[in-house]
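For reference, the chains in residue letters:
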Amino acid sequence: MYKFDAIIIGSGLAGLRAAYELVSNKINTAIISKVYPLRSHSIAAQGGVNAALANNENAKDDSWEKHACDTIKGSDYLGDQDAILKMCKEGPQRIFELEHWGCPFSRTDDGRISQRPFGGQGFPRTAYAADRTGHAMLHTLYEQIIRINEENKCLTFFNEWLVTRLIVNDKTITGIIALDLKTGNLELFKADAVIIATGGAGRLYGKSTNALINTGIGLSIAYHAGADLKDMEFIQFHPTTLFTTNILITEGARGEGGYLLNSAGERFLANYEDSKKAMEIAPRDIVSRNMIREIKKGNAINGQYLHLDLRHLGKNLIMERLPGVVELAGKFAGINAITEPIPVEPGQHYTMGGIDTDMDTKTKINGLYAAGEAACVSVHGANRLGGNSLLETVVFGAAAGEMAGKYIKTNSKSQISNLECDEALREEEKRISRLFEGEGRENAFNLFEELNRIMWENFGIFKEDAQMKAGQKEFKNIKERSRDLRLRYKGKRFNFELYWLLEFLGSINIAEAIIAGAIERAESRGSHYRTDYPKRDDENWLKHTIASYSQEGPKLSYKPVALGYVAPAERKY
Amino acid sequence: MKKINFKIFRFDPEINEAPYFDNFDISVRHGDTVLAGLFYIQKNIDPSLAFRFSCRGAVCGSCAMHINGKYCLACETQILELNTDTITIQPLGHLQVLRDLIVDFTPFYENYSRIKPYLVGKEPAPEKEYIQTPEERSRLNNIIDCTLCGACYGACATAGINKEYLGPAALLKVERFLRDSRDSIANERLRIVDDLHGVWRCHSIFSCQEVCPKNLSPAKAIAEIKKKLLLKKVKR
């Protein structure tokens, strides 16, 4: 058994930023992650991070208030305005802090942090480190964690441990149980506070830009333990992912002036009412839908994909600002992005929903916090603007670390006995050994692939009642079959069949919450687009969906959106 | 579709007395990567196969391994571009095998943390950002792209025989901070690597730059550091 004051699950940007806060305050902390540090999906963020620094010569009049207004509008008014104000106000401070820590941001001619235009933003306010901003930020944070821990020596990394269960007693977190992938043993960790920073659930979808590890299991363990999920039906689709592999091509490529072209070489976004003005830098949901419409019209290249064309930008600009795009297009599509257009299609990209938290990252379980993509504060509402997720990770990662630290120092802890914790461990050991003993007919790999197909086909860019209900029926069949799983490999050490099986069991819980929320929400808002209800309906649906776990499936309820700063209006670009 | 033989290093130190190779024949299409091949085998043929993965897009550095004689990332290695019928896959060198293609990165990360791998900014820190000209910033181009995948460490003959040697990735990081106009502890950084197991242990074999998936040259970084150290030592 291990004992820490605080445990952070996940070592991406939100987790590391939370850790920085805790370690600075000399709180005995563990970071538990299923991968080594720096392998988390934050590393893949390309385009940048928003903050109203007003560094760009075209952004002299920018302010954090304007950033907030753009974010509120971008969220299609589902974002909580108090949380958005906090994020945008704190933004510049968090970016300067990273810069002071060594983050290699790209520069303006006079040596300040350079900022580029991004979709849905009134000013160029996206700070970036070429097109590898996530990499730059994550390495910087990891480096500074090493520094602060050299001083304070209170942080332990548990790399390649998969957390399978939270222990909650009397609505208070008391610990977690994790599987050491190396040994195959389950271990008990007692803790006064736990922060979930496990990222999103993109890999529920067949076509996704996300790392393979983004299965949503972190959301699932919290949900199972009694935390609520919020707004799970809001799934973002990114317009430009490489055709077939769905590797992300940054929005920065369009921010820098790249064109989207159909098979006739035409900038087709001009032909659609909602994108004809902003064109390529209209928000992601709008561009993705118009791309699918264009493909369905028969205007795709080879009937399957569209072109992202950078050629007119010239080699120098491309190599200076978008070198990662050139590398990815070359390696994964065999395309020279300087001389050839890049074949792209929309793909799943971001989970706007997540574990329901308040502005202070608190969940409804005492001592349990969530931050980053795993959480739903909510600052993205129905549609996230590019560049806001990296900002969210550092603003709310820091908040989670601060709040958890305060909680540890001030609250009386749950007096759970070792006996009760041991009991929880034994139950979890039994669950895992039942999986080993199971003689079922199904294997998790196949079921996961079926789940991916069901989600993409029925709960994707366009949704409609009958189709979703057909998808739900197929899902129920998968869920039923998931009770009949079998492990072919019985070894304990690095058993990836067991790993994927546990990930899959987590994923179906999350998929079920997405499905329930999407079927109920009879309107179109942001990324949630229903052909049978194509209009936003503030009268009935300006509210958050809350899903609570039950054995029979999600129990839905609704709660109000925090308004008061900007009144909902039509979202026009 | 083409039939390709995957010849994969297998070892469970708790069960096997010695490592061995397993052979799997799989059908491959244009666009399939070595990582996709490994997943195909794990899902459909042998679920006991163990290897690391995460981003599958050449940015996270999880899947560095030895493929047909060269260290590279499995996720960005196109099978058909290898132009062979047999692909031999082994784990990273110089690190203890935990199982199959998974090695223990602990010594690698320990080396990394020995070099003060963090910026210590000039004091006092400005209210906003440090001013860094585009020229100063351009000195960080490429060198900041290291993912710590370990390919250079696996390929480095010196790292193989000297466990105390800091190794190419850690030394590259030192040069990254030496180049940063915002950093304030250059002398301390140079002191750390001016050591028998620091830069002087590098024998300029250049394997690191041959294998780096990001086209970096730790060898060049080490040479730059040696030059700085020498210039400090010579009598003016």
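Conventions and cut-offs
Residues numbered from 1 in each chain as written. Chains lettered and ligands numbered in written order. Predicted model: local features only at pLDDT ≥ 70, side-chain atom pairs only at ≥ 80, totals over all residues. Heavy atoms only, no water. Salt bridge = Lys/Arg side-chain N within 4 Å of Asp/Glu carboxyl O. Helix = DSSP H or I, 4+ residues; strand = E, 2+ residues; numbered from the N terminus. Buried < 20%, exposed > 50% of the residue type's maximum accessible area, 1.4 Å probe, protein only. Contact = heavy atoms within 4.5 Å. Domains from an automatic or database assignment. Buried area = accessible area lost by both parts, 1.4 Å probe. Polar contact = N/O pair within 3.5 Å; in protein donor to acceptor, adjacent residues only side chain to side chain. Pairing = 2+ DSSP bridges. Axes fitted to C-alpha atoms, helices over the stretch in contact; angles between N-to-C directions. Expected span 1.5 Å × (residues − 1). Arc of directions from axis to C-beta. Phe/Tyr/Trp six-rings, centres within 6.5 Å; stacked < 30°, edge-to-face > 60°. Parallel < 35°, antiparallel > 145°, perpendicular 65-115°, else oblique. Nonpolar A, V, L, I, M, F, W, Y, C, P; charged D, E, K, R; others polar.

1. Structural notes on the pattern of salt bridges
Residue and element names in this part refer to chain A.
- Evaluated as defined, the whole model comprises 75 salt bridges over all chains.
- A salt bridge links Glu90 to Lys86, with the shortest nitrogen-to-oxygen separation between them at 3.0 Å. Placement of the pair is Glu90 and Lys86 together in helix H3 (residues 81–100), with a separation of four residues, close to one helical turn.
- Asp484 is the salt-bridge partner of Arg441, the closest N and O atoms lying 3.0 Å from each other. Of the two residues, Arg441 is situated in the loop between helix H11 (418–437) and helix H12 (444–458) and Asp484 in the loop between helix H13 (465–481) and helix H14 (496–520); the sequence distance between them amounts to 43 residues.
- Look at the salt bridges and you will find they share partners, linking Asp76, Glu233, Asp285, Arg289, Arg521, Glu523, Arg525, Arg536, Asp538 and Arg571 into a network.

2. A short note on the environment of Pro283 of chain A
Residue and element names in this part refer to chain A.
- Tracing the sequence through the fold places Pro283 in the loop between strand E12 (259–261) and helix H7 (284–296).
- Residue Pro283 is classed as buried on the basis of its relative accessible area, which comes to 2%.
- As a C-alpha pair, Pro283 and Val566 span 283 residues in sequence and 19 Å in three-dimensional space.
- Apart from the residues lying within four places of it in its own chain, the contact partners of Pro283 are Gly120, Asn383, Arg571 and Tyr573.

3. Describing the domain arrangement of chain A
Residues and elements named next belong to chain A.
- According to the domain assignment, chain A contains domain 1 (2–235 + 350–410), domain 2 (240–347) and domain 3 (418–549).
- With centres defined by C-alpha atoms, the gap from domain 1 to domain 3 works out at 23 Å.
- Taken residue by residue, the interface counts 50 residues in domain 1 and 50 residues in domain 3.
- Across the domain 1/domain 3 interface, buried area totals approximately 4,500 Å², and carbon plus sulfur atoms make up 61% of it.
- Broken down residue by residue, the surface that domain 1 buries against domain 3 is led by Leu204, Tyr223 and Glu233, which jointly contribute 17%.
- Between Asp76 and Arg536 there is a salt bridge, and its shortest N-O distance comes to 2.7 Å.
- Run the count over domain 1 and domain 3 and you get 25 residue pairs in polar contact (both at pLDDT 80 or more).
- When residues of the side of domain 1 that touches domain 3 are traced back to their parent elements, those giving at least two are strand E7 (161–169), strand E8 (172–180), strand E9 (186–196), helix H5 (217–224) and strand E10 (229–230).

4. Some words on the sheet that holds strand E11 (residues 235–242) of chain A
All names here are of chain A.
- Within the open sheet, the four strands sit side by side as E11-E14-E13-E12. Their pairing is antiparallel. A strand with exactly one partner marks an edge of an open sheet, and here the two such strands are E11 and E12. Each strand axis lies, on average, 45 degrees off the axis of its neighbour in the sheet, ignoring direction.
- Inspection of the sheet shows E12 paired to strand E13 (residues 306–309) by three bridges, in the antiparallel sense. Paired with Leu261 across the strands is His307, a residue of E13.

5. Digging into the interface of chain A and chain B
- Contacts between chain A and chain B engage 61 residues on the former and 65 residues on the latter.
- Both sides of the chain A and chain B interface together cover about 5,000 Å² of buried area, and 54% of this is carbon and sulfur.
- Of all residues in chain A, Arg39, His100 and Arg493 of chain A bury the most surface against chain B, accounting for 15% of the area lost on that side.
- Along the contact surface separating chain A from chain B lie nine salt bridges.

6. Structural notes on H11 of chain A
Residues and elements named next belong to chain A.
- If you check H11, its first and last C-alpha atoms are 28 Å apart, about what 20 residues at 1.5 Å a residue would give, namely 28 Å.
- Turning to H11, its buried residues number three or more, namely Cys421, Ala424, Leu425, Glu428, Ile432, Leu435 and Phe436. The buried residues of H11 occupy an angular sector of 130 degrees when the element is viewed end-on, so they sit on one face. Turned more than 90 degrees from where H11 packs its buried face, Leu419, Lys430, Arg434 and Glu437 sit exposed.
- Contacts made by the buried residues of H11 are with E7, E8, E9 and H14.

7. A look at the sheet that holds strand E3 (residues 49–50) of chain A
Residues and elements named next belong to chain A.
- Spatially, three strands are ordered E3-E5-E4 in an open sheet, and the strand pairing comes out antiparallel. Two strands close off the open sheet at either side, each with one partner strand: E3 and strand E4 (115–116).
- The pairing of E4 with strand E5 (residues 126–127) spans two bridges and is antiparallel. Looking at the pairing, Gln115 lines up with Ala127 of E5.

8. Considerations on the packing of aromatic side chains
All names here are of chain A.
- The tally for this structure, following the rule as stated, stands at 37 aromatic pairs over all chains.
- The interplanar angle of 70 degrees and the centroid separation of 6.3 Å between the aromatic rings of Tyr369 and Tyr407 together place this pair among those described as edge-to-face. In this pair, Tyr369 sits in strand E16 (residues 368–370) while Tyr407 sits in helix H10 (residues 388–410), placing the two residues 38 residues apart along the sequence.
- On the accessibility criterion, Tyr369 (3% relative accessible area) is buried.
- Measuring from centroid to centroid gives 5.4 Å for Trp541 and Tyr558, while their planes differ by 80 degrees, and the two rings are edge-to-face.

9. Notes on the side chain of Asn452 of chain A
Residues and elements named next belong to chain A.
- Within the secondary structure layout, Asn452 lies in helix H12.
- Within the local environment of Asn452, its side chain forms a polar contact with the backbone oxygen of Leu204, the two atoms lying 2.9 Å apart.
- Discounting residues that sit within four places of it in the chain, Asn452 has contacts with Arg203, Leu204, Tyr205 and Gly206.

10. Points about the pairing of E7 of chain A
Residues and elements named next belong to chain A.
- Strand direction decides the pairing type here: E7 and E8, joined by eight bridges, are antiparallel. Residue pairing for E8: Trp161 is matched across the bridge by Asp180.
- Where E7 folds back onto E8 in an antiparallel hairpin, the turn is made up of two residues, including Asp170, whose phi is positive at roughly 55 degrees.

11. A look at helix H9 (residues 323–333) of chain A
Residues and elements named next belong to chain A.
- Within H9, eight of the eleven residues are buried, which leaves the element mostly enclosed by the surrounding structure.
- Along H9, the residues that are buried comprise Pro323, Gly324, Val325, Val326, Glu327, Leu328, Ala329 and Phe332.
- Residues of H9 that are buried in the fold lie against E11, helix H8 (315–321) and strand E14 (342–351).
- Gly334 sits one or two residues past H9 and shows a positive phi near 65 degrees.

12. Looking at the packing of helix H4 (residues 133–152) of chain A against helix H2 (residues 106–114) of chain B
- Running from N to C, H4 of chain A and H2 of chain B cross one another at 75 degrees; their axes reach a closest spacing of 11 Å. One element, H4 of chain A, and the other, H2 of chain B, form an angle in the roughly perpendicular class. Note on element contacts: H2 of chain B touches H4 of chain A through Tyr109, Tyr112 and Ser113 of chain B, opposite Tyr142, Glu143, Ile146 and Glu150 of chain A.
- Looking at the contact of H4 of chain A with H2 of chain B residue by residue, the classes come out as four nonpolar, one polar and two charged.

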